[in-house]
Amino acid sequence: MLVLNCSKKLLTLETMLKSHFPESLKVYGAVMNINRGNPFQKEVVLDSWPDFKAVITRRQREAEIDNLDHYTNAYAVFYKDVRTYKQLLEESDVINWDQVFQIQGLQSKLYDVSKAVAKSKQLDVKLSSFKAIRLAPVSTPPDTSFLRCSPPRLTYLSVADADLLNRTWARGGNAQCLRYITSLISCFPSVCIRDEKGHPVSWSITDQFATMCHNYTLPEYRRKGYSRLVILTLARKLQSRGFPTQGNVLDDNTASIGLLKNIHAEFLPCRFHRLILTPMALSGQVHQ
């Protein structure tokens with residue numbers, strides 16, 4: 001195992017990962033954030049350098065504060081050789097197996113290999129799988145003319161909005177998620193539309209892997225074009241900073257899939273996999 005700390009090597013890794021799109025997108029997004037101030041206190045672990053066969057991004061150990069917080073205790077994985085990835089998992093100091101955590105990636109064998117190692121360590125593994133998408137460059141500002149004759153305005157989120165996002169996120173509704181969303185809003189780009197009282201009615205945020213997520217519009221404000229505007233505005237903001245505009249959508253979310261097709265999103269050949277791993281000693285204490 002090698003922890004890559006050299007800033008020049010990390011920039012080289014960022015370039016190298018581009019040649020492995022789309023499967024490397026999650027790790028690539030994390031590495032980009034590391035190279036731009038590292039607001040989420042991540043680090044990179046590889047089997048070797050520069051001819052690596054597997055790379056994992058993880059939270060710096062000194063930054064881990066809550067063993068139940070699988071939102072923040074998150075790893076992204078990309079491998080060229082799945083056996084090397086398995087070997088990395090089996091090394092004693094790569095993964096913190098004593099906490100609840102998640103593993104993300106875009107490769108088909110991620111689940112089976114991760115589950116096999118986790119089961120040997122008596123952890124439960126819960127898999128969620130999504131369609132993976134990427135947006136084309138947004139070359140011109142999205143049309144906002146329909147907002148000019150009404151109170152809603154296009155802006156960004158603040159940490160004061162975190163409670164609303166926590167309550168409306170299917171994965172949320174708990175203290176760990178609230179803290180996580182607060183950190184995302186503080187660290188990464190977001191976009192929202194606010195009503196005449198200044199309350200968010202439609203929004204999207206960016207996560208620690210530079211993925212657009214939690215795109216949501218309050219029910220009474222739907223079918224007004226707000227979600228389309230929010231997504232395209234956030235995509236343009238990310239693209240202006242050099243980030244890929246990636247996202248995930250559940251297979252049965254027909255409304256979001258229809259919107260993504262309408263804005264000509266690319267549905268990638270690989271799928272996004274999120275594994276939540278829970279030690280038996282902590283089962284029953286975690287919100288998933």
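Scroll up a little and you will see the structure.
The present account deals with the structure reproduced in this document. (Residues numbered from 1 in each chain as written. Predicted model: local features only at pLDDT ≥ 70, side-chain atom pairs only at ≥ 80, totals over all residues. Heavy atoms only, no water.)

Considering the overall build of the protein
Operational definition: Working definition: helices are DSSP H or I runs of at least four residues, strands are E runs of at least two. Numbering for both runs from the N terminus. Each radius of gyration reported is based on C-alpha atoms, and the globular scaling rule is 2.2 Å times the count of residues to the power 0.38. Only heavy atoms enter the contact rule, under which two residues are in contact if any of them lie within 4.5 Å. Note on areas: Shrake-Rupley, 1.4 Å probe, and residue coverage restricted to the protein chains presented here.
Across its full length, the protein carries eight helices and 12 strands. Computed over the C-alpha atoms, the radius of gyration of the protein is 19 Å, within 12% of the 19 Å expected from 2.2 N^0.38 for a compact globule of 288 residues. Taken over the C-alpha atoms alone, the protein extends approximately 60 × 40 × 35 Å along its principal axes. Put simply, of all contacts in the protein between residues at least 6 apart along the chain, 72% involve residues at least 24 apart. When the accessible surface of the protein is split by element, carbon and sulfur atoms take 49% of a total near 13,100 Å².

Focus: the packing of aromatic side chains
Selection criterion: Working definition: rings of Phe, Tyr and Trp (its six-membered ring) pair if their centres are within 6.5 Å, and the pair is stacked with planes under 30 degrees apart, edge-to-face with planes over 60 apart, and tilted otherwise. Think of it in three bands: residues with accessible area under 20% of the maximum for their type are buried, residues over 50% are exposed, and the middle band is partly exposed, with areas taken using a 1.4 Å probe on protein chains only. Criterion for a charge above a ring: Lys NZ or Arg CZ within 6 Å of the ring centre, and within 35 degrees of the ring normal.
For the coordinates displayed, the defined rule picks out 11 aromatic pairs. Here Tyr79 and Tyr85 contribute two aromatic rings whose centre-to-centre distance is 5.7 Å and whose plane-to-plane angle is 15 degrees, an arrangement assigned as stacked. A relative accessible area of 8% places Tyr79 in the buried class. Among the residues examined, Tyr85 registers a relative accessible area of 0% and is labelled buried. Every member of this aromatic cluster is reached through a ring pair, and the members are Phe40, Tyr71, Tyr180 and Phe188. Across from the ring centre of Phe272, 4.4 Å away, lies the NZ or CZ of Lys26, which sits over that ring. Looking at Arg222, its charged tip hangs above the ring of Tyr216, at a distance of 5.2 Å from the centre.

Side note on the sheet that holds strand β12 (residues 266-279)
Heads up, the condition is: Pairing between two strands is assigned when DSSP locates at least 2 bridges connecting them. The convention used is that axes are lines fitted to C-alpha atoms, helices contributing only their stretch in contact, and that angles between N-to-C directions extend from 0 to 180 degrees.
In spatial order, the strands read β1-β2-β3-β4-β5-β12-β6-β11-β10-β9-β8-β7; together these 12 strands make up an open sheet with mixed pairing. Of all the strands in the sheet, just β1 (2-4) and β7 (153-155) have a single pairing partner and so form its edges. Looking at each pair of strands side by side, their axes are set apart by 25 degrees on average, direction ignored. With five bridges connecting them, strand β2 (residues 42-46) and strand β3 (residues 54-59) associate as antiparallel partners. Within β3, the residue paired with Lys42 across the bridge is Arg59. Packing against the sheet, helix α4 (residues 110-120) makes contact with β4 (74-79), β5 (101-105), β6 (123-134) and β12, and its axis sits at approximately 165 degrees to β6.

A look at the side chain of Lys26
Convention followed: Charge assignment in this entry is limited to Lys and Arg as positive and Asp and Glu as negative, and neither His nor the chain termini are counted. The term salt bridge refers to a side-chain nitrogen of Lys or Arg lying within 4 Å of a carboxyl oxygen of Asp or Glu.
With respect to the helices, strands and loops of the structure, Lys26 is situated in helix α2 (residues 25-34). No salt bridge forms around the buried Lys26; measuring N to O, its nearest opposite-charge neighbour Asp207 is 5.3 Å away. With near-sequence residues (within four places) excluded, Lys26 lies in contact with Ala76, Gln104, Gly105, Leu106, Phe209, Thr211, Gln246, Asn248 and Phe272.

Focus: the state of the cysteines
For the record, the criterion: For the purposes of this analysis, a disulfide is any pair of cysteine sulfur atoms at a distance within 2.5 Å.
Following the criterion strictly, the structure yields zero disulfides and no others. Free of any disulfide, Cys177 has its nearest neighbouring cysteine sulfur in Cys213, separated by 9.6 Å. Here Cys270 stays free of any disulfide, with the sulfur of Cys213 as its closest cysteine sulfur at 18 Å.

Section: the side chain of Thr206
Using the following cut-off: The term polar contact refers here to a pair of N or O atoms within 3.5 Å; inside protein, the definition further demands a hydrogen-donor-capable atom paired with an acceptor-capable atom, and it admits residues adjacent in sequence only when both atoms are side-chain atoms.
Along the polypeptide, Thr206 turns up in strand β9 (residues 200-206). What makes Thr206 buried here is its relative accessible area of 2%. A polar contact is formed between the side chain of Thr206 and the backbone oxygen of Pro189, at a distance of 2.7 Å. With near-sequence residues (within four places) excluded, Thr206 lies in contact with Leu184, Phe188, Pro189, Thr211, Cys213, Leu234 and Leu238.

Observations regarding helix α6 (residues 175-187)
For the record, the criterion: The span you would expect from a helix comes to 1.5 Å times its residue count less one. Arc, as used here, means the arc of the directions from the helix axis to the C-beta atoms.
Taking 1.5 Å of rise per residue, 13 residues should cover 18 Å, and α6 covers 18 Å from first to last C-alpha, within 8% of that figure. Within the span of α6, buried status applies to Gln176, Cys177, Tyr180, Ile181, Leu184 and Ile185. The arc that holds every buried residue of α6, seen down its axis, measures 165 degrees, which confines them to one face. Opposite the buried face of α6, at more than 90 degrees from it, the exposed residues are Ala175 and Ser186. Packing partners of the buried residues in α6 comprise α5 (162-168) and β9.

Considerations on the packing of helix α3 (residues 82-90) against α4
As a reminder of what qualifies: Here roughly perpendicular refers to angles of 65 to 115 degrees, roughly parallel to angles under 35, roughly antiparallel to angles over 145, and oblique to all remaining angles. Crossings are sorted by hand: turned counterclockwise from the far helix by less than a right angle, the near helix makes the crossing left-handed, and turned clockwise it makes it right-handed.
Following both chains from N to C, one finds α3 and α4 inclined at 30 degrees, their axes separated by 10 Å at the closest point. The orientation of α3 relative to α4 falls into the category roughly parallel. Crossing of α3 against α4: the hand is right-handed. Contacts between α3 and α4 involve Val82, Tyr85, Lys86, Leu89 and Glu90 from the first element and Leu110, Val113, Ser114 and Val117 from the second.

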